[in-house]
Amino acid sequence: MADELIFYTHPQSRGRIARWALEEAGAAYETRVVEYGTTMKGEDYLGINPMGKVPAIVHKGRVVTECAAICAYLAEAFPEAGLAPTAEERADYYRWLFFAAGPVEQAVTNNFAKFEPSADQGRMFGYGNYDLAVDVLEKAVSAHSYIAGDRFTAADIYVGSAVGWGTMFGTLPKRDAFLDYFGRLSSREAYQRASAKDDALVAELEAAKAPA
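Residues numbered from 1 in each chain as written. Predicted model: local features only at pLDDT ≥ 70, side-chain atom pairs only at ≥ 80, totals over all residues. Heavy atoms only, no water.

Q: So, the packing of aromatic side chains: which residues are in play, and what are the values?
A: Applying the stated rule across the entire model yields eleven aromatic pairs. A centroid spacing of 6.3 Å and a plane angle of 40 degrees characterise the contact between Trp-20 and Phe-152, whose relative ring orientation is tilted. With a gap of 132 residues between them, Trp-20 in helix H1 (residues 15-25) and Phe-152 in the loop between helix H6 (130-143) and helix H7 (154-169) connect regions that are remote in the sequence. Across the pair, Phe-152 and Trp-20 agree in class, each one buried. Members of the aromatic cluster, each reached through a chain of ring pairs, are Trp-20, Tyr-146, Phe-152, Phe-182 and Tyr-191. The ring of Phe-152 is capped by Arg-188, whose NZ or CZ atom sits 3.6 Å from the centre of that ring. (Phe/Tyr/Trp six-rings, centres within 6.5 Å; stacked < 30°, edge-to-face > 60°. Helix = DSSP H or I, 4+ residues; strand = E, 2+ residues; numbered from the N terminus. Buried < 20%, exposed > 50% of the residue type's maximum accessible area, 1.4 Å probe, protein only. Lys NZ or Arg CZ within 6 Å of the ring centre and 35° of its normal.)

Take a look at the structure:
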């Protein structure tokens, strides 16, 4: 079908962000699981995402990768869901969406890898240093109920996922502002629905690998 939407993912990956976005958008989609080390690096999937990473979506024959891009794309592709920003929300929406996808992602991954930039290196890096990026993120999620104002938008899916995973796995500190923000987001029906689908998929994959 010309309008079909195919979702490539693995339930133990950042694909959970895209799943949440798809559920918030109310999109009809087909899930295709690609496995680490095999189909994810296979010729067919590399034709979709040459990076060999998930998630990816194919909508109306066009490929979208990168979680922040998928969130923003779905907000525009399914406007009836109300995930795209209003004119008043647009500046904060794009500012914090890309802050989380850029400086925060870099700060968290480098910190996890035990790499701490020197002062000179920090001037070159978009995030400066880990503590600075975390402090700015905390102020951003504290400013309003949601990242772009008083209403949930697609930017909250990406920023919220970064905060939720970060506090869960210890790559971000469990500050009250982070816990309160993600608490609001994780109570949403679409989030709960997406999590249940991915958890069920994890159980299915584990059962398939279990010895008979």
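Now that the structure has been shown, we can carry on.
Q: A description of the packing of helix H3 (residues 67-77) against H7 should follow, citing residues and the corresponding values.
A: To characterise two packed helices, one gives the angle between the axes of the helices and the distance between these axes. With their axes 8 Å apart at the nearest point, H3 and H7 run at an angle of 160 degrees to one another. By the angle class used here, H3 and H7 are roughly antiparallel. Crossing hand, H3 versus H7: right-handed. Contacts between H3 and H7 involve Cys-67, Ala-68, Cys-71 and Ala-75 on the former and, on the latter, Ala-154, Ile-157 and Tyr-158. Residue classes in the contact of H3 with H7 are distributed as seven nonpolar, no polar and no charged. (Axes fitted to C-alpha atoms, helices over the stretch in contact; angles between N-to-C directions. Parallel < 35°, antiparallel > 145°, perpendicular 65-115°, else oblique. Left-handed = near helix turned anticlockwise from the far one by under 90°. Contact = heavy atoms within 4.5 Å. Nonpolar A, V, L, I, M, F, W, Y, C, P; charged D, E, K, R; others polar.)

Q: Tell me what's going on with the environment of Leu-74, and back it up with residues and numbers.
A: Note on placement: Leu-74 falls in helix H3. For Leu-74, a relative accessible area of 0% translates into the label buried. Distance in space between the C-alpha atoms of Leu-74 and Arg-175 is 30 Å, their sequence separation being 101 residues. Beyond its immediate chain neighbours, meaning those up to four positions away, Leu-74 contacts Leu-5, Ala-21, Leu-22, Ala-25 and Ile-57.

Q: How would you sum up the pairing of strand E2 (residues 30-33)? Please name residues and give values.
A: With four bridges joining them, strand E1 (residues 5-9) and E2 adopt parallel strand pairing. Bridging across to E2, Tyr-8 finds its partner in Arg-32. For the handedness criterion, the β-α-β arrangement of E1, H1 and E2 is classed as right-handed. (Pairing = 2+ DSSP bridges. Right-handed = clockwise from strand over helix to strand, strands pointing away.)

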